[in-house]
Structures are given as structure tokens and as C-alpha cells.
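Survey of secondary and tertiary structure
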Amino acid sequence: MDTDPISDLPLTHPDAMARIDALAELGLNSGADEAAIRNAFRTRLKEAHPDLNGGTDLLLRRIILARDLLMSESRRTAEKTRWLQDFAANDHDRDGALLLNITLQQAIYGGEVVESVPALEISTVDEPLTSLTDMKRLRILLPAGLRDGDKLRLTVFGAARPEQLFRIHVVTEANAHIDGDDIHVTANVEARIYFAGGRAVIATPHGPREVDIARGQTSVVLPGLGLPATGRYGRGDLHLTLKPAGAARKPWTEARDEFRRKWAC
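What counts and how
- Residues numbered from 1 in each chain as written.
- Predicted model: local features only at pLDDT ≥ 70, side-chain atom pairs only at ≥ 80, totals over all residues.
- Heavy atoms only, no water.
- Helix = DSSP H or I, 4+ residues; strand = E, 2+ residues; numbered from the N terminus.
- Buried < 20%, exposed > 50% of the residue type's maximum accessible area, 1.4 Å probe, protein only.
- Contact = heavy atoms within 4.5 Å.
- Areas by Shrake-Rupley, 256 points an atom, 1.4 Å probe, with all protein chains shown as cover.
- Pairing = 2+ DSSP bridges.
- Axes fitted to C-alpha atoms, helices over the stretch in contact; angles between N-to-C directions.
- pLDDT = per-residue confidence, 0-100.
- Phe/Tyr/Trp six-rings, centres within 6.5 Å; stacked < 30°, edge-to-face > 60°.
- Lys NZ or Arg CZ within 6 Å of the ring centre and 35° of its normal.

In terms of helices and strands, the chain carries eight helices and 12 strands. A buried classification covers 37% of the 265 residues belonging to the chain. In the chain, 60% of the contacts between residues at least 6 apart in sequence involve partners at least 24 apart. Carbon and sulfur atoms form 52% of the exposed surface of the chain, whose accessible area is close to 14,800 Å².

Structure (C-alpha cells):
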């Protein structure tokens, strides 16, 4: 498995600005969060914009640079905090697995994710580290058919710890959940079809599907469209719970776009 250093920005920009200067430029204290940074940026932008209050291009660039520097640092800090919290949660997990969040699409089809992990876990023996919170990016190839709670063991070539264990957590949309090998989805159906019966196009984790609905039918099972079979698991089904909606029947193109928004992110 390949590893790349995380793309951390330095605390100083080549053009000039250290963190303390950025805070002063936006009138912030050292504990400012992302919301405070955004609010301060908007305020200073109005004060310094050349077209509004006689500001200069140089001042405007300084304000934008200060915002960018502080926002990138804030996001890196949040990322490191999340991993430290996961370490604490895993204190009682003897195998030391790290949490890896994946989408329902990735659970079904597999794919590649890039995850930031503590550098201490995947660094080479002789690699100098300056902090326990240093991070690196790890490209992870996911097999198809992962289940929530699965353990994924990866080989990290050249690392002091050559095997890294991840605990899978499948993150689903609000209208979907996983039960064993099966996927359950609540789907809106045009009210006319829901009450009188007919053919509806429904967005599913596998893409748009045309489904024949009988009058008064409230649920549909699509065999084999749950999580795929693997060496450990059987093939699941897709359970659709139908709800009436007032919108007109969706064309294929619209159903396809809805599928991409919901499932393929």
C-alpha cells in the first residue's frame, strides 16, 4: 500500500505571513474557530475592499491570505483531534483498529479512499517525527462487499508497523440503513402510483430502477440488490419502504442525477 506525506501547509506563507500575524490581521484571538474566522474575514473584507472604503489591493490580499492560512490550520487541527479521539475510543480494543468511514456505495462496490492517519502508525523506523499528531495520507483500496464493523488489514510497505488494521463504519443517508446483508431504503413514489398502482422509477444505491407497484402496496423487495456476496457473507436484498409524494413521475435522467447525489458521493 502506497503512502504519501500529508499536504500540510507551513505556518508561514512564502509571501509573508505567520499565524500570529494572520490572527492580528483579522482581529482574532488564538482560540478562534472556523465560524469566527469566516465572520472576521467578512467584516474585514467590507472595511478593506478597494471599491467600498478606499482600501488597497495589497491589504485585500493580506486579509485573504490570513483567512486561508487560519482556515487550513483549523481543518488540520480538527482532523488530528478526530484521530486522537478515535485512539481514546480504541483503548479497550486489543487489536488497536482505527476507524475508517466509508459510504454505502463504497461498501457495495469497493473503490479507493485517501485517509489521513497518524504518521507514527505508518512511518519508517528511521524516519524522524516531531509530534505525536503528525499526519500522513494513506491510499486505501477497498474490496467490494464490506460490512459495518468489518476489520480491514492493510500492508504498509516500509513502515515501522507493516500492518495497519482499520474498523469499517458504513455511513448511510437518512433514508437508508443496513441490516446484516440487506439494505433498507425509504423511497418516495408519486402519490398517483402509490395509491392506484403502476410503474415508478426509484433511485436506489445501484442506480435508478423501474419498479412495478400494485395498488396499495407499501413495500417492495428487490432480490440480490443488497450488499454483494463475499467469502464470508451471502448476497443481500434491497428492501424498499414506499411513501407517497406529490411530485410528478421522474424521468430517467432526473432519477439518475438523484442517484448520483445520494449514493455516489
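Quick look at the sheet that holds strand β11 (residues 219-222) now. Read across the sheet, four strands follow the order β7-β8-β12-β11 without closing on themselves; strand pairing throughout is mixed. Strand pairing shows two members of the sheet lacking a second neighbour, β7 (176-179) and β11, which therefore form its edges. Within the sheet, the average angular offset between the axes of one strand and its neighbour, ignoring direction, is 30°. With eight bridges joining them, strand β8 (residues 182-190) and strand β12 (residues 238-245) adopt parallel strand pairing. Each residue of the ladder has a partner; that of N188, found in β12, is K243.

Do not read the fine detail of predicted coordinates wherever pLDDT is low. On average, residues of the chain carry a pLDDT of 77, and 68% of them reach 70 or more. Contacts for the low-pLDDT stretch residues 1-16, under 50 throughout, to residues beyond four places or in other chains number 38 contacts.

Attention shifts here to the packing of aromatic side chains. Overall, the coordinates contain one aromatic pair when judged by the stated rule. Cation over ring: R67 sits above F41, and NZ or CZ is 4.2 Å from the ring centre.

For the rest of this paragraph, the subject is the environment of L26. Structurally, L26 is set in helix α1 (residues 19-26). In this structure, the C-alpha to C-alpha distance between L26 and R67, residues 41 residues apart in sequence, is 7.8 Å. Beyond its immediate stretch of four places on either side in the chain, L26 contacts I37, A40, F41, R44, I63, A66, R67 and L70.

The subject of this paragraph is the pairing of strand β5 (residues 151-155). With burial as the criterion, only one face of β5 is covered, namely that bearing L152 and L154; the residues K151, R153 and T155 on the opposite face remain uncovered. The sheet contact formed by β5 and strand β6 (residues 163-171) spans five bridges and is antiparallel. For L152, the partnering residue across the bridge sits in β6 and is F166.

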